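Each chain, letter by letter, is given below.
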Amino acid sequence: MKLFTCNCCGNFLYFENVTCLGCGASLGFLPNATTLVALEDIGNGLWQPVAGEGHYRMCVHYTDQAVCNWMVDADDEEGFCIACRLNQTIPDLSIEINKTLWQRLETEKRRLIYGLLQLGLPVLPRSDYPEGIAFEFLADTPTFSERDRVMTGHNQGLITLNIAEADPIERERMRDQMDEPYRTILGHFRHESGHYYWDRLIRDTKWLKAFRQLFGDDSLDYSAALEQHYTCGPPVGWADNYVSAYASSHAWEDWAETWAHYLHIVDTLETAHHFGVRVNPRVSKGDSWQMDATFDAYNQLEFKAIIDHWLPLTCALNSLNRSMGHGHVYPFVLAPKVVEKLAFVHRIVRHISEPYPG
């Protein structure tokens, strides 16, 4: 994630901000430029960047629900921003807690969309494009049984999230129940988007053969594979070939988990780049333990450069977190086979990415 500064007063801004705490200016995120700017009200519901160009309207969810800070081009007939127009179903807002949970989901969803736009991947609403993507945010009924629970998942471009994932207590309960080292809202979004992009970028393409050589046979019975995983657990030595235990259940899940980690890696490295983070430990480990503060992961042709910067950064982050009495920020070990799979994801992104139209 980039760092943003107010183009009116120079104050530091966060991605989610709607008002500059330095000068009080209204803020809006411009998706096509992937930047957060101070806005000037020019009347008739139109805004323009302070000392900048272009006319914009606030997303409907900015003005009506206060759960978004993204802008829409003034000449766009759509009232929703590119992130909000992907929504097919939102929670029942007559239930008070739902808006709070939904707001948390929207914040993390926009982080996903930001990363996809940075990578130049197609972000098309399923309401307008048959091959597009859509989201539905659903809640369990008050008397649900575990069998009737809303399941987070992907089906032909539709990504479903149970809004309970936005409750940190419930999410931690599920993380412990599933014996997962890491479970976040953003992680869910990135994982499920991996299933969507497998359909878009791998299935029925020239990449399928190479995919199967690395990830395995995607034609194997998916339901049977998951049942086997939950009944028997991952195979012995799974960490030698998979980024997570769940990735070992089926080739589709291996791809989705690897895709999610790729998005984790490039976005975290971009954040470190914009903060000027440099890793140069005071131990004799050679160049392999160093990270250059000028490194920009989103603009790298070769994956080796990305992983060479990621490993020392995670070592530093994990060590800092442990110094504060917390667990590892990134509790994963990337075996050579996993790095090879991550490099494959990088090749796909670099060769097939498409700019968002308009």
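See the structure shown above.
Quick summary incoming for the structure in this document. Each chain carries its own residue numbering, running from 1 in the written order of its sequence. Local features in a predicted model are, by the rule used here, given only for residues with pLDDT of at least 70; side-chain atom pairs are given and counted only at 80 or more, and totals for whole chains, interfaces and linings are based on all residues. As a convention, hydrogens and water are excluded, and side-chain values are obtained from all of the structure's heavy atoms.

When you go through the protein residue by residue, the secondary structure sums to nine helices and eleven strands. Relative to a compact globule of 358 residues, whose C-alpha radius of gyration would be 21 Å, the protein shows 21 Å and is just as compact. Dimensions of the protein, computed from the C-alpha atoms along their principal axes, are close to 65 × 55 × 45 Å. Buried positions account for 46% of the 358 residues belonging to the protein. Every residue pair with non-hydrogen atoms within 4.5 Å of one another is taken to be in contact. Summarising the internal contacts of the protein: among those between residues at least 6 apart in sequence, 58% fall at separations of at least 24. We get accessible surface area from the Shrake-Rupley algorithm with a probe of 1.4 Å; when it comes to residues, only the shown protein chains can shield them. In the form shown here, the protein has an accessible surface area of approximately 17800 Å², with 51% of it arising from carbon and sulfur atoms. In this tally, Lys and Arg are treated as positive and Asp and Glu as negative; His is ignored, and so are the chain termini. In this description, the location of a charge corresponds to atom NZ of lysine, CZ of arginine, CG of aspartate or CD of glutamate. Averaging the coordinates of the 30 positive side-chain charges in the protein and doing the same for the 47 negative ones gives two points 5 Å apart. We count a stretch as a helix when DSSP gives it H or I for four or more residues in a row; a strand needs E for two or more, and each element gets its number in order from the N terminus. Using C-alpha atoms as the atom set, the radius of gyration is obtained and then compared with a globule rule of 2.2 Å times the number of residues to the power 0.38. Remark: exposure states derive from per-residue accessible area (1.4 Å probe, protein chains only) relative to the maximum for the residue type, with buried under 20%, exposed over 50%, and partly exposed in between.

Now for the environment of Gly54. Along the chain, Gly54 turns up in the loop between β5 (46-49) and β6 (56-58). Sequence-wise, Gly54 and Leu320 are 266 residues apart; in three dimensions their C-alpha atoms are separated by 43 Å.

Let us now look at the sheet that holds strand β9 (residues 134-138). Ordered in space as β8-β9-β11-β10, the four strands form an open sheet in which the pairing is mixed. Sheet topology places β8 (87-89) and β10 (153-155) at the edges, where each strand pairs with a single neighbour. Averaged over all neighbouring strand pairs, the angle between strand axes comes to 30°, with direction disregarded. Direction of pairing for β9 relative to strand β11 (residues 158-162): parallel, over a ladder of five bridges. At least two bridges found by DSSP between two strands are what make those strands a pair. Working convention: axes come from line fits to C-alpha atoms, limited for helices to the stretch in contact. Angles between N-to-C directions cover 0 to 180 degrees.

All right, on to the packing of helix α4 (residues 185-201) against helix α7 (residues 251-274) then. In contact at an axis separation of 8 Å, α4 and α7 are set at 120° when each is read in the N-to-C sense. Regarding the angle of α4 to α7, the classification is oblique. The element α4 and its partner α7 pack so that their crossing is right-handed. Of the residues in α7, those touching α4 at Gly187, Arg190, His191, Ser193, Gly194, His195, Tyr197, Trp198 and Leu201 are Trp252, Glu253, Trp255, Ala256, Glu257, Trp259, Ala260, Leu263, His264 and Asp267. Nonpolar residues are Ala, Val, Leu, Ile, Met, Phe, Trp, Tyr, Cys and Pro. Charged residues are Asp, Glu, Lys and Arg, and all others, Gly as well, are polar. Among the residues making up the contact of α4 with α7, the classes are represented as nine nonpolar, six polar and four charged. If an angle is under 35 degrees, it is roughly parallel; if it is over 145, roughly antiparallel; if it lies from 65 to 115, roughly perpendicular; otherwise it is oblique. Less than a right angle of anticlockwise turn of the near helix away from the far helix marks a crossing as left-handed, whereas a clockwise turn marks it as right-handed.

This part takes up the side chain of Glu136. By secondary structure assignment, the location of Glu136 is in strand β9. Only one rule defines a salt bridge in this text: a Lys or Arg side-chain nitrogen within 4 Å of an Asp or Glu carboxyl oxygen. With no salt bridge to any partner, buried Glu136 finds its closest opposite charge in Arg126, at an N-O distance of 7.5 Å. Two N or O atoms count as a polar contact when they lie within 3.5 Å, although within protein this holds only if one can serve as hydrogen donor and the other as acceptor, and sequence-adjacent residues are included solely when both atoms are side-chain atoms. There is a polar contact of 2.6 Å between the side chain of Glu136 and the side chain of Thr160. The residues contacting Glu136, other than those within four sequence positions of it, are Gln88, Thr89, Leu158, Ile159, Thr160 and Leu161.

The axes of two packed helices give the description: the angle between them and the distance between them. α4 packs onto helix α2 (residues 96-118) with a crossing angle of 50° between their chain directions and a minimal axis gap of 9 Å. Considering their axes alone, α2 and α4 lie oblique with respect to each other. Here the hand of the crossing between α2 and α4 comes out right-handed. Across the interface between the two elements, Arg104, Leu105, Glu108, Lys109, Arg111, Leu112 and Leu116 of α2 pack against Ile185, Leu186, Phe189, Arg190, Ser193 and Tyr197 of α4.

In summary, the pairing rule links any two rings of Phe, Tyr or Trp, Trp by its six-membered ring, whose centres are within 6.5 Å, and it sorts them by plane angle into stacked for under 30 degrees, edge-to-face for over 60 and tilted for everything else. Inspection of the entire model under this criterion finds 28 aromatic pairs. Judged by centre distance (4.9 Å) and plane angle (90°), the ring pair of Phe12 and Tyr14 falls under edge-to-face. Between Tyr262 and Phe303, the ring centres sit 6.3 Å apart and the planes meet at 35°, which makes this aromatic pair tilted. One end of the pair, Tyr262, is in helix α7; the other, Phe303, is in helix α8 (residues 303-323), and 41 residues separate them in sequence. Taken as a pair, Tyr262 and Phe303 share a single burial class, namely buried.

In this section: the environment of Gly79. By the element assignment, Gly79 lies in the loop between β7 (71-73) and β8. When neighbours within four sequence positions are excluded, Gly79 is seen to be in contact with Arg57, Met58, Cys59, Val60 and Val72.

A separate point is helix α5 (residues 208-215). If you check which residues of α5 are buried, you get Leu208, Phe211, Leu214 and Phe215. Projected onto a plane normal to the axis of α5, the buried residues spread over an arc of 125° and lie on a single side. Facing away from the buried surface of α5 by more than 90 degrees, the exposed residues are Lys209 and Gln213. Starting at the helix axis, one direction is taken to each C-beta atom, and the arc is that of these directions.

One finds Trp70, Trp255 and Trp259 to be the most contacted residues of the largest nonpolar core, which totals 91 residues. For this core, the leading source of residues is α7, giving nine residues. With sequence-adjacent residues up to four places away left out, Trp259 is seen in contact with Leu116, Leu121, Arg190, Ser193, Gly194, Tyr197, Leu201, Val345 and Val349. Residues belong to a common nonpolar core when they are buried Ala, Val, Leu, Ile, Met, Phe, Trp, Tyr or Cys residues joined through side-chain atoms within 4.5 Å.

With that settled, the discussion passes to the pairing of β11. Among the five residues that make up β11, five are buried, leaving the element largely enclosed by the rest of the structure. Note: β10 against β11, three bridges, orientation antiparallel. The residue of β11 that forms the bridge with Asn155 is Leu158. The hairpin turn running from β10 into β11, its antiparallel successor, is two residues long, and Gln156 in that turn takes a positive phi close to 50°.

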